[in-house]
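The lines below spell out each chain.
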Amino acid sequence: MPLLVVISGPSGVGKDAAIAELKKKDKPWHFVVTATTRAPRPGESDGIDYIFLDEGTFKKLREDDQLLESAEYAGRWYGVPRSQVAEAMETGKDVFLKIDVQGAESIRALAPEALFIFLAPGSIEELAGRLNRRQTETPEELERRLQIARQELALAGQYDYCVVNRDDSLDQAVAEIEAIIVAEKCRVRPRIVRFS
Ligand SMILES: Nc1ncnc2c1ncn2[C@@H]1O[C@H](COP(=O)(O)OP(=O)(O)OP(=O)(O)O)[C@@H](O)[C@H]1O
Ligand SMILES: Nc1nc2c(ncn2[C@@H]2O[C@H](COP(=O)(O)O)[C@@H](O)[C@H]2O)c(=O)[nH]1
């Protein structure tokens with residue numbers, strides 16, 4: 001049974017870094033490329049890191065029900081293309097979604113049998129340090145992301161698992177995510193995802 005794996009957690013916690021490591025494992029896993037209205041960061045490519053869209057195109061996708069979920073985060077829109085998830089699941093691959101806490105909440109309502117993993121920092125100070133070093137946001141945007149992060153961290157208890165990505169311990173966090181997937185494959189009653 002393919003798993004629908006939702007990896008969520010605050011901005012800067014290391015979701016992308018963890019997913020980059022998981023991609024190297026060369027397992028039958030599909031990592032969904034989501035859509036956003038935010039501008040690409042240096043080094044990001046359209047179709048690889050995100051599907052970068054203008055507001056009008058994004059709105060049309062939403063209206064045409066082509067997004068499984070969508071959410072506004074820090075003034076920009078983000079959404080999961082429905083077709084990508086359906087096509088990947090049909091091939092039998094486990095499907096990974098990297099989304100914010102609002103998105104996880106929407107997927108939980110649509111598909112409670114999905115596997116929900118919260119990635120947490122060792123501390124809010126670690127998170128602030130990582131966002132600072134990444135240098136992708138203005139000081140104001142960074143402060144806004146940290147404010148959102150404080151609210152998101154309070155919701156970790158709603159997830160199936162919480163993996164702590166401590167400073168300089170990314171390998172450990174990735175190993176824990178892999179271990180969760182291995183354990184989930186051994187479930188007596190597998191998670192069967194059906195979208196309502
Ligand atoms: N365990 C770690 N120790 C130190 N630095 C880390 C660790 N994990 C990730 N980083 C670094 O922290 C920064 C933020 O990580 P990343 O961009 O993967 O976070 P994210 O959760 O995907 O953020 P966003 O949601 O904003 O896209 C990156 O520069 C990354 O290299
Ligand atoms: N609800 C959704 N959240 C998403 C989606 N794609 C990405 N994200 C999350 O948004 C924030 C901000 O991302 P950033 O790349 O601007 O730092 C982060 O938590 C992402 O995981 C999505 O389709 N839906």
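The rules we used
Counting of residues starts from 1 at the beginning of each chain's written sequence and follows it residue by residue. Labels are handed out in written order, letters beginning with A for the chains and numbers beginning with 1 for the ligands. pLDDT decides what is reported in this predicted model: residues at 70 or higher carry local features, side-chain atom pairs at 80 or more are listed and counted, and totals for whole chains, interfaces and linings draw on all residues regardless. With hydrogens and water set aside, each side-chain value is computed from the structure's full complement of heavy atoms. By the criteria applied, helices consist of DSSP H or I runs no shorter than four residues and strands consist of E runs no shorter than two, each listed in order from the N terminus. Here, expected helix span is obtained from the residue count minus one, scaled by 1.5 Å. Working definition: with a 1.4 Å probe on protein chains only, accessible area under 20% of the residue-type maximum means buried, over 50% means exposed, and in between means partly exposed. Comment: arc refers to directions from the helix axis out to C-beta atoms. The contact rule is simple, with two residues in contact once any of their heavy atoms fall within 4.5 Å. UniProt positions are given in the numbering used here, feature names are shortened, and annotations may be inferred rather than shown by experiment. Residue proximity to a molecule or strand is established when one non-hydrogen atom of the residue lies within 4 Å of it. Residues adjacent in sequence count toward polar contacts only when both atoms are side-chain atoms; beyond that, a polar contact is any pair of N or O atoms within 3.5 Å, and within protein one must be able to donate a hydrogen and the other to accept it. Following the grouping adopted for this structure description, the nonpolar residues are Ala, Val, Leu, Ile, Met, Phe, Trp, Tyr, Cys and Pro, the charged ones are Asp, Glu, Lys and Arg, and the polar ones are all others, Gly among them. In this analysis, axes come from line fits to C-alpha atoms, helices being fitted only over the stretch in contact, and the angle between any two N-to-C directions falls in the range 0 to 180 degrees. Crossing handedness follows the turn of the near helix against the far one: under a right angle anticlockwise gives a left-handed crossing, and clockwise gives a right-handed one. For accessible areas, the Shrake-Rupley method is used with a probe of radius 1.4 Å. Any residue's cover is judged against the shown protein chains and nothing else.

Draft legend 1. Main features of helix H7 (residues 170-185). With 16 residues, H7 extends 23 Å between its outermost C-alpha atoms, agreeing within 8% with the 22 Å of an ideal straight helix rising 1.5 Å per residue. Taken as a whole, H7 has its buried residues at Ala173, Val174, Ile177, Glu178, Ile180, Ile181 and Glu184. Seen end-on, H7 carries its buried residues on one side only, within an arc spanning 150°. Away from the buried face of H7 by more than 90 degrees, exposed residues Asp171 and Val182 are located. Its buried side turned inward, H7 meets strand E1 (4-8), helix H1 (15-23), strand E2 (29-31), strand E7 (94-98), strand E8 (115-121) and strand E9 (161-165).

Draft legend 2. A look at the UniProt feature "domain: Guanylate kinase-like" (unreviewed entry) in the chain. The UniProt feature table records "domain: Guanylate kinase-like" (unreviewed entry) at residues 2-182. The span residues 2-182 is 42% helix and 23% strand, and its two end C-alpha atoms sit 12 Å from each other.

Draft legend 3. Summary view of the site of ligand 2. Neighbouring residues of ligand 2: 16 residues in total, closest Arg38, Tyr50, Glu69, Tyr78 and Arg145. In the model, an oxygen atom of ligand 2 is placed 3.4 Å from a nitrogen or oxygen of the Lys15 side chain. Contact distances for ligand 2 include 2.5 Å between an oxygen atom and a side-chain N or O atom of Tyr78. Sorting the residues of the shell around ligand 2 by element identifies strand E5 (67-73) and strand E6 (76-81) as the ones contributing at least two each. Here the shell around ligand 2 is composed, by residue class, of 6 nonpolar, 3 polar and 7 charged.

Draft legend 4. Local environment of the environment of Arg194. Residue position: Arg194 is located in the segment after H7. With 114 residues separating them in the primary sequence, Arg194 and Val80 have C-alpha atoms 16 Å apart. Beyond its immediate stretch of four places on either side in the chain, Arg194 contacts Leu110 and Ala111.

Draft legend 5. Looking closely at the packing of H1 against H7. In contact at an axis separation of 10 Å, H1 and H7 are set at 65° when each is read in the N-to-C sense. The handedness of the crossing between H1 and H7 is right-handed. Here H1 contributes Ala17, Ala18, Glu21 and Leu22 to the contact with H7, which in turn contributes Leu170, Val174, Ile177 and Glu178. Of the residues belonging to the contact of H1 with H7, the class tally is 6 nonpolar, no polar and 2 charged.

Draft legend 6. Main features of the site of ligand 1. Neighbouring residues of ligand 1: 18 residues in total, closest Ser11, Lys15, Ala17, Asn165 and Asp168. Within the contact set of ligand 1, a nitrogen atom lies 2.8 Å away from a backbone nitrogen or oxygen of Arg166. The backbone of Leu170 places a nitrogen or oxygen atom 3.5 Å from a nitrogen atom of ligand 1. When the free accessible area of ligand 1 is taken as 630 Å², the share hidden by the protein chains comes to 79%. If you list the elements that add at least two residues to the shell around ligand 1, you get H1 and helix H5 (124-134). Considering every element that reaches the shell around ligand 1, the biggest residue donor is H1, with 3 residues. Broken down by class, the residue content of the shell around ligand 1 amounts to 4 nonpolar, 5 polar and 9 charged.

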